[in-house]
Amino acid sequence: VFLRAYHADQYSYGSNLIELEAYPRIRTGTYADVSAAWSPDANLYANYRFSGDVYQSLPDGFEVSGGYRLFRFSSNVNMATGSIGKYHRNWLFTVRTYIEPGDGPLSPSFQVSARRFFGDGKRYMTFRYGVGPSPFEVSSINQIGISSSNTFACDYNLVLQRRWVVKFQTGFGEYDRFERSGLREYQLDGAIYYRFR
């Protein structure tokens, strides 16, 4: 179970978000990833967000998942997602899609990723490439209203002395929005977590 608090400052706006995430085990080989988030100001984040995925292990190192997202901005945004992954030695290769159901034609997004585990499996590095309106997980209002994109990201997760987790992420994206095209975005994130168990 994770409890996270976020603060963002962009375009002269400040915004806060509180998120609760859990990974309950349903049975052997089946688990879920469920989360709920709330922003009291909703300046840069959705007013609230709910998500849920169910993962199922398959023979030969395969894993599949299906899930759903609900975001509340000025109106509701619904999104379905699914993935298939394959473990091979110290690697996890995954293909994921995001689909926004609506009145118009479906415009799915796709993401491919490769995660390399080190040592005991708690340290890992992930390379991701995404294409489409929602190439990665939507987390803020900036990721709504995109008509097409190409994005690349890399992150590194390091566990220090069993309790502290340090995470770095960098990325680059080219976006076409409904009102403007040819936008570029550079990303550099850092986070520190403390594990109670």
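Digging into the overall build of the protein
At step 1: Scanning the protein from terminus to terminus reveals 0 helices and 13 strands.
At step 2: Listed N to C, the secondary structure of the protein is β-β-β-β-β-β-β-β-β-β-β-β-β in terms of helices and strands.
At step 3: A buried classification covers 34% of the 197 residues belonging to the protein.
At step 4: Put simply, of all contacts in the protein between residues at least 6 apart along the chain, 34% involve residues at least 24 apart.
At step 5: Taken as a whole, the protein presents about 12300 Å² of accessible surface, with 57% of it coming from carbon and sulfur.

Some remarks on the pairing of strand β1 (residues 2–10)
At step 1: Relative to strand β2 (residues 13–22), β1 runs antiparallel, the two sharing 9 bridges. The partner of D9 across the bridge, within β2, is G14.
At step 2: If you look at the hairpin formed by β1 and β2, you'll find 2 residues sitting between the two strands, and Y11 has a positive phi there, around 55 degrees.

Here we look at the pairing of strand β8 (residues 91–99)
At step 1: Here 9 bridges tie strand β7 (residues 76–88) to β8, and the two strands are oriented antiparallel to one another. Note on β8: the bridge partner recorded for A80 is I99.
At step 2: Counting the residues that bridge the hairpin from β7 to β8 gives 2 residues, and of these R89 lies at a positive phi of roughly 55 degrees.
At step 3: Pairing of β8 with strand β9 (residues 109–118) involves 8 bridges; the strand directions are antiparallel. Pairing of R96 across the sheet is with Q111, part of β9.

Let's talk about the pattern of salt bridges
At step 1: Tallied over the entire structure, the rule returns 6 salt bridges.
At step 2: In this structure, D53 and R96 form a salt bridge, with 3.8 Å as the shortest nitrogen-oxygen distance. Here D53, found in strand β5 (residues 48–57), pairs with R96, found in strand β8; they are 43 residues apart in sequence, far enough to count as distant. There is no split in this pair, since D53 and R96 are both buried.
At step 3: Residue E174 pairs with R184 through a salt bridge whose shortest N-O separation is 3.4 Å. Of this pair, E174 sits in strand β12 (residues 164–177) while R184 sits in strand β13 (residues 183–194); the two residues are 10 residues apart in sequence, bridging distant segments of the chain.
At step 4: Through salt bridges that share partners, R4, E19, E21 and R49 make up one connected network.

Observations regarding the nonpolar core
At step 1: One finds A46, F71, F73, V77, M79 and Y98 forming the largest nonpolar core, which totals 6 residues.
At step 2: Among the nonpolar cores identified, the runner-up in size contains 5 residues, and A8, L17, L44 and Y45 belong to it.

A closer look at the packing of aromatic side chains
At step 1: Enumeration according to the criterion identifies 8 aromatic pairs in this entry.
At step 2: Summarising the aromatic geometry, the rings of F2 and Y23 are spaced 6.1 Å apart at their centres and angled 80 degrees between planes, so their arrangement reads as edge-to-face. Here F2, found in strand β1, pairs with Y23, found in the loop between β2 and β3 (25–27); they are 21 residues apart in sequence, far enough to count as distant.
At step 3: For Y23, a relative accessible area of 43% puts it in the partly exposed group.

Looking at the side chain of S39
At step 1: One can find S39 in the loop between β4 (30–38) and β5.
At step 2: Not counting chain neighbours up to four residues away, the residues in contact with S39 comprise S15, N16, L17, Y45, A46 and N47.

Description of the environment of T28
At step 1: In this structure, T28 sits in the loop between β3 and β4.
At step 2: We classify T28 as exposed; its relative accessible area is 63%.
At step 3: At a separation of 3.0 Å, a polar atom in the side chain of T28 contacts the side chain of R25.

Points about a nonpolar patch on the surface
At step 1: A cluster of nonpolar residues, L58, F62, I84, V95, F110, V112, F127, Y129, V131 and F152, forms a patch on the protein surface that exposes about 820 Å² of accessible area.
At step 2: In terms of residue count, strand β10 (residues 123–131) provides more of the nonpolar patch than any other element does, 3 residues in total.
At step 3: Classification of L58 by relative accessible area gives partly exposed; the value is 39%.

Calculation rules
- Residues numbered from 1 in each chain as written.
- Predicted model: local features only at pLDDT ≥ 70, side-chain atom pairs only at ≥ 80, totals over all residues.
- Heavy atoms only, no water.
- Helix = DSSP H or I, 4+ residues; strand = E, 2+ residues; numbered from the N terminus.
- Buried < 20%, exposed > 50% of the residue type's maximum accessible area, 1.4 Å probe, protein only.
- Contact = heavy atoms within 4.5 Å.
- Areas by Shrake-Rupley, 256 points an atom, 1.4 Å probe, with all protein chains shown as cover.
- Pairing = 2+ DSSP bridges.
- Salt bridge = Lys/Arg side-chain N within 4 Å of Asp/Glu carboxyl O.
- Core = buried A, V, L, I, M, F, W, Y, C linked by side-chain atoms within 4.5 Å.
- Phe/Tyr/Trp six-rings, centres within 6.5 Å; stacked < 30°, edge-to-face > 60°.
- Polar contact = N/O pair within 3.5 Å; in protein donor to acceptor, adjacent residues only side chain to side chain.
- Patch = residues over 30% accessible without salt bridge, like charges linked within 9 Å, V, L, I, M, F, W, Y side chains within 5 Å.

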